[in-house]
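The lines below spell out each chain.
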Amino acid sequence: MKNKQKAAEMIPPGSSHDEEEEENKACANVKRSKPEEDEGEEVVYHPVKLSRSDLYRPPTAEELNQLKEAESLFHCSLLKMQMEELLKEVALSERRKGQINSFVQKVTKLLQTVPHSSDVEVSDLSWLSGAVKVPFLLVPKTSKGKFHMAPPTSVDLIGSYPLGTCTKPRIMVDLAVTIPADILHPKDALNQRYPRKRALYLTGLAQHLTSFTDIGTMRYSCLHGNRLRPVLLLTPPGKESSTFTLRVHAYPPPGFFKPSRFHPQRNNVRTEWYTGLQASQSEGNEPPTPHYNSSVLGDLLPRAHLQFLSAVSSQCSAFPDGVALLKVWLHQRELDQGTGCFNGFLASMLLAFLLTTHRISNTMTAYQLLRNSLNFLASTDLTVNGISLARDPDSTAPSLADFHNAFQVVFVDPSGHLNMCADMTACTYKQLQHEASVSMQFWDDPTVDGFHCLLMTPKPMIRTMDHVFQLCELVKLQSSCKKLNLLSELMDHSGNYVHTTLPFILSLLQRGLGQRISLLTHSLSPDLEWSVESEAPQHKAQPPLSFGLLLRPELAASVLERGPPADSPKAAEFRQLWGSRSELRRFQDGDITEAVLWDGKSMCQKQLVPRQIITHLLQLHADIPESCVRYVGARVDDVITVGSEVPSTGEEESLIVVQSYDDLSRKLWKLEGLPLSITSVQGAHPALRYTQVFPPLPLKLDYSFFDKEKTCRSLVPKEGKPCPAYVTPITVICHMEGSGKWPHDRLAIRHIRAAFHIRLGELLKKHHNYTCRPSPTHLDIWKDGLVFRVQVAYHREPQVLRESVNAEGLLVVRDNEEAQTLEMATIHKPLLTSTLHGLQQQHPCFGAVCRLAKRWLGAQLFSEDITEDTADLLVASLFLQPAPFTPPGSPQVGFLRFLHLLSTFDWRNNPLVVNLNNQLTAPNYTEIKNDFMASRESLPVMFIATPKDKKLSMWTKRAPSVQMLQRVVMVAAESLKVLEHQLMDGGQIQDVRVVMRPPLDAYDVLIHLDPKQVPLLSQAVDPPAVNFGRGVITGSVAPSGGALPVIDYNPVSLYLAELRDAFGHLALFFCDPYGGAVIAVLWKPQAFSPVPFKVRPKSITSAI
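Residues numbered from 1 in each chain as written. Predicted model: local features only at pLDDT ≥ 70, side-chain atom pairs only at ≥ 80, totals over all residues. Heavy atoms only, no water.

**Digging into the overall build of the protein**
Secondary structure assignment for the protein yields 36 helices and 35 strands. Projected onto its principal axes, the C-alpha coordinates of the protein cover approximately 110 × 95 × 55 Å. Residue burial in the protein is summarised as follows: out of 1104 residues, 52% are buried. Long-range pairs, those at least 24 residues apart, make up 72% of the contacts in the protein with a sequence separation of at least 6. On the protein, the mean spot of the 112 positive side-chain charges and the mean spot of the 114 negative ones are 3 Å from each other. (Helix = DSSP H or I, 4+ residues; strand = E, 2+ residues; numbered from the N terminus. Buried < 20%, exposed > 50% of the residue type's maximum accessible area, 1.4 Å probe, protein only. Contact = heavy atoms within 4.5 Å. Lys, Arg positive; Asp, Glu negative; His and termini not counted. Charge placed at Lys NZ, Arg CZ, Asp CG, Glu CD.)

Spelled out as structure tokens, the structure:
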């Protein structure tokens, strides 16, 4: 039906019915012309015209079924079409399949011509040419057995490609090469003999293929990071070398080894052989080697697995598409590659399990298969209750209990002998469970773009987890093995000390962090690739191990770890875990318990308590020094950190302001002697919602710095002194009750408000000794070293400003700029402040994320275009609609998501809905979207809708412009890329402030300011080593009394305002409001156009 509509739109008006009929005969009822594919595989469809009868033909039964399915399964038909388009995008084209088949045939023929060689000892590599190396770490070097080369018994396609589940962009085609039986020996399962022969056979194949030009590049790799299972990677020559990779596996003949030999409780690596020392224990006492056993067993079953999956797939037509969607979902969460990953093979097996156990139906669509798979993962814990595909396992097959004793995650294959999740850690599966659970939470939410969040948004660790740290010098993990006494496990992992120690480190951290975290994750060691002419890389050659923490904000920052009572049996266990940090403490309730007290005075220090825990436990129990731990949980916070003795990121300073405001509010409520009573006192300043970049500090003035001005008794700096410290006026709106005594004339109302300001000042001076300065527009109150600017408001004043009398004497109500400005200042800003203050109470790091975001906007000279209120709303959306993430639990991850939101949101076609207080329903979202699309051209380029502002986006009405928004998006994308790369790559120069330094070479003129006249110079991104005295001294401030300083005096902003007023028609002016000492100028295109001569006003001359 939709194709018909599109075709109808393509028919030019005025075409006759006869012309249509003739063209339809030529088309021969073809609905769409054959797609043409170029090298980039871009499909171009050519429109064709349909007859009137085709256009208006009733829908077929199939079309009706599709419409019914879309209505019942999806929020809307758009989601169904998005899924279908995604599947087309990741599916292999016929042209690509042809290229793959051709290359596979060539390689198969070449492999069948491998020459025979004579028998040599396994440890004798003299038969190899010097160029090709063995893809195996030969440790220990000695090994029994003979080896020779011979052509493979068979060459078969296995894996996702023959199954039909191979997807783009990383096209990997698996080719199984069967090692001749006479090369192997039944006892080769012992002591790495088979894995070594397997590696030697691959080396022989590589040596044979090096002489043929039909092969492009040849590299080695390991299957899912398992060093016992090397593979040979082949690419086609020429332009197609990067389009797909052929992965060659060497396998034993089917049934060559008995599966029972690889029971998880059996040993196949002898201690005497591995250590070279005389073993004290007999063979029966050897430790089991379950991971080694599963590695060898995994080579016996790929063909059987392909047959099983093919049989399942033939019964369910949507099986390949369901696997494809699940693979995309896994890929976006970085769970599909590396050691212990949940790869495409496991995804296929999971769907097969659900189908064979009748948890899902063969008639379900790909969409339903994905949904049910995620629902199963979210609700099933394979670390406790493993699952098995084996219907009738033989008597020698291990039980699920046997598998659980040997492995952390259990998913048994159809044979009943192999645990397909043998290398997966419990933390990785918990991460998989968590991601599935989060996906299911927002799947059915009609207010969330489910498709985009589910399948199109990447979730790298640095942007997903609240805190991230890395173990850098992996060679130190060798000493961890000794400290933890892991010789048996090291033998089981064939000397891979990284994979050996990882489960123990994770378990240790899980115990130590306890309730502070809701999830602990780790990076999956990548599948290393290296040239066939290079030696196999050492275990330490892999990138640093990264760990992610998802914090519980209410518990993560606690400095006290309270343990069991001193006489409890668990006290010894607590002391063993914490070592010397554990001590007996007596608490106020009289209990005497074991406890650990961590360092942390300010909130930013307390947020790093997990770091103290991690470094202490790793040093104590795993012998990993603190120098090897690279903690990147709060690197970005430095740009908003103030204070030298006790560093702070603004939480404590904001709390002081809020407490002082609360005290003032109570005193205003209790005032007596006013003509009208106060109905509300509301804060309207970012500091009162914890989002001021640098919150106002209580100031103790140095009176020697100032002279007292006689008329208004204010302090003014002495001549020759630098500009005094900037005193921020904290805006407070004070609404008076309605009364018939209020006049209806706008000028009279202003006079009444001025009188209220005078009266309020008199009463506050009389009762509380506050120094006050009234003015017609506000009342400044000096309290606790802070200045509160109280503005009296009358709720009907905006309406009075809209009313006017026309020439005929009729009352006309017309909206105007003055009324909107007053309404914004007295109604909308106080409401926004109180709402965001509530959000801060729910999410303790909300304010810090806002401060980081606004610091970046200011540093990049965007603060005039993305205002403070707009930035706060953008950050609020990250907490209120976090999908596909959870709400940020640290300032750094919130800031990264802010940059991601700015750079990726489709501002042109979508409104950003910020559902404050959860007041908007699904119909409201639909209404906002429809109104937005209907009036798009007349609406602001950045449209933000809130429950009180669904249609106008008043916060972004004046800015940004299209050009400035484009620049913001571009700079945000680059900043995100640079910052994430720097945080995750320890080899980079560690300077997070680089994203705060604007590219000044993009501007036409730079005006450098006198640092003495920049009062906020200490807040600059790169503050000077020596600052100027600003008339402030340290010490406690008096709660009341004292002379008023100069308020809201910032020469930089005043000069900037004059420049814009005088030359705004010629240029744009930019400056960092937080200590910026440079004004950047950008000429407008019309600046140098000829204009008629005009006499310049005097103000311009004085501005220069």
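**Focus: the nonpolar core**
Leu-234, Leu-374, Phe-411, Leu-455 and Leu-471 are the most contacted members of the largest nonpolar core, which totals 161 residues. Here the element with the most residues in this core is helix α13 (residues 344-356); it accounts for 9 residues. Aside from chain neighbours lying at most four places away, what touches Leu-374 is Leu-326, Trp-329, Ala-436, Ser-439, Met-440, Trp-443 and Leu-454. (Core = buried A, V, L, I, M, F, W, Y, C linked by side-chain atoms within 4.5 Å.)

**Some thoughts on the pairing of strand β13 (residues 517-522)**
For β13, the tally of buried residues reaches 5 of 6 residues, placing the bulk of the element in the interior. As paired strands, β13 and strand β15 (residues 545-551) are joined by 5 bridges and run antiparallel to one another. When the bridges of β15 are listed, Ile-517 appears paired with Leu-551. (Pairing = 2+ DSSP bridges.)

**Side note on the sheet that holds strand β18 (residues 592-597)**
Across a sheet, strands are paired by hydrogen bonds formed along the backbone, either parallel or antiparallel in direction. The 3 strands lie next to each other as β16-β18-β17, forming an open sheet whose pairing is antiparallel. Pairing within the sheet leaves two strands with one partner each, and these edge strands are β16 (560-565) and β17 (583-586). Averaged over neighbouring strand pairs, the angle between their axes works out to 45 degrees when direction is ignored. As paired elements, β17 and β18 share 4 bridges and run antiparallel to each other. Looking across to β18, one finds that Arg-586 is bridged to Ile-592. Docked against the sheet, helix α23 (residues 570-578) engages β16 and β18, running at close to 150 degrees with respect to β16. (Axes fitted to C-alpha atoms, helices over the stretch in contact; angles between N-to-C directions.)

**Points about empty space enclosed by the protein**
According to the stated counting rule, one finds 6 cavities of 30 Å³ or more in the structure shown. Lining the largest cavity are His-467, Leu-551, Pro-553, Ala-556, Ala-557, Met-603, Gln-607, Pro-844, Cys-845, Pro-888, Gly-889 and Ser-890. Along the lines of polarity and charge, the residues of the lining of the largest cavity split into 8 nonpolar, 4 polar and no charged. Quantified by volume, the second largest cavity comes out at close to 80 Å³. Cys-222, Gly-225, Arg-227, Thr-339, Asn-496, His-499, Ser-525, Pro-526, Leu-528, His-539 and Gln-542 together form the lining of the second largest cavity. (1 Å grid on protein atoms, 1.4 Å probe; cavity = no way out; pocket = protein on both sides within 12 Å on 5 of 7 lines; lining within 4 Å. Points joined across faces, edges and corners; volume = space filled by probe spheres on them. Nonpolar A, V, L, I, M, F, W, Y, C, P; charged D, E, K, R; others polar.)

**Quick look at the sheet that holds strand β27 (residues 786-793)**
Read from one edge of the open sheet, 5 strands run β20-β24-β27-β26-β25, paired in mixed fashion. Edge strands, defined here as strands with exactly one partner in the open sheet, are β20 (678-683) and β25 (771-774). Neighbour to neighbour, the strand axes of the sheet diverge by 25 degrees on average, direction disregarded. Relative to strand β24 (residues 729-736), β20 runs antiparallel, the two being bridged by 5 bridges. Directly across from Ser-680, in β24, lies its bridge partner His-735. Contacts from helix α27 (residues 746-768) reach β24, β25, β26 (779-783) and β27 within the one sheet, and its direction differs from that of β27 by about 140 degrees.

**Focus: a nonpolar patch on the surface**
On the surface, a nonpolar cluster with roughly 300 Å² of combined accessible area is contributed by Val-805, Leu-811 and Val-813. Looking at where Val-805 falls in the secondary structure, it is placed in strand β28 (residues 803-805). (Patch = residues over 30% accessible without salt bridge, like charges linked within 9 Å, V, L, I, M, F, W, Y side chains within 5 Å. Areas by Shrake-Rupley, 256 points an atom, 1.4 Å probe, with all protein chains shown as cover. Salt bridge = Lys/Arg side-chain N within 4 Å of Asp/Glu carboxyl O.)

**Digging into helix α30 (residues 846-859)**
Between its terminal C-alpha atoms α30 stretches 20 Å, which fits the 20 Å expected from 14 residues at 1.5 Å a residue. Counting buried positions along α30 gives 14 out of 14 residues, so the element sits mostly inside the fold. (Expected span 1.5 Å × (residues − 1).)

**Considering the packing of helix α31 (residues 868-880) against helix α32 (residues 891-904)**
It is at 10 Å that the axes of α31 and α32 come closest, and there the two elements cross at 110 degrees. Taken together, the axes of α31 and α32 lie roughly perpendicular to each other. Along its contact with α31, which presents Leu-874, Val-875, Ser-877 and Leu-878, the element α32 presents Gly-894, Arg-897, Phe-898, Leu-901 and Leu-902. The residue inventory of the contact of α31 with α32, partitioned by class, reads 6 nonpolar, 2 polar and 1 charged. (Parallel < 35°, antiparallel > 145°, perpendicular 65-115°, else oblique.)

**Description of the confidence of the model for the protein**
Per-chain confidence: the protein averages 89 in pLDDT, with 92% of residues scoring 70 or above. Between residues 1-43, whose pLDDT stays under 50, and residues either more than four places distant or in other chains, the model counts 56 contacts. (pLDDT = per-residue confidence, 0-100.)

**Digging into the packing of aromatic side chains**
Overall, the coordinates contain 26 aromatic pairs when judged by the stated rule. With a centroid separation of 5.0 Å and 90 degrees between ring planes, the pair formed by Phe-256 and Phe-257 is classed as edge-to-face. Note on Phe-257: relative accessible area 3%, which makes it buried. These aromatic residues form a ring-pair network of at least three members: Tyr-194, Phe-256, Phe-257 and Phe-262. One cation-aromatic arrangement involves Arg-562 over Phe-587; the distance from NZ or CZ to the ring centre is 4.1 Å. (Phe/Tyr/Trp six-rings, centres within 6.5 Å; stacked < 30°, edge-to-face > 60°. Lys NZ or Arg CZ within 6 Å of the ring centre and 35° of its normal.)

**Some words on the pairing of strand β6 (residues 172-178)**
Most of β6 sits out of view: 7 of its 7 residues are buried. Of the two faces of β6, the one carrying Met-172, Asp-174, Ala-176 and Thr-178 and the one carrying Val-173, Leu-175 and Val-177 are both buried. As paired elements, strand β5 (residues 155-158) and β6 share 4 bridges and run antiparallel to each other. Bridged to Ile-158 within β6 is Asp-174.

**Topic: the packing of helix α21 (residues 497-513) against α23**
Closest axis-to-axis distance for the α21/α23 pair is 11 Å, and the angle between their directions is 115 degrees. Classified by chirality, the crossing of α23 by α21 is left-handed. Judged by residue contacts, Leu-508, Arg-511 and Gly-512 of α21 engage Glu-573, Gln-576, Leu-577 and Trp-578 from α23. Here the residues of the contact of α21 with α23 sort into 3 nonpolar, 2 polar and 2 charged. (Left-handed = near helix turned anticlockwise from the far one by under 90°.)

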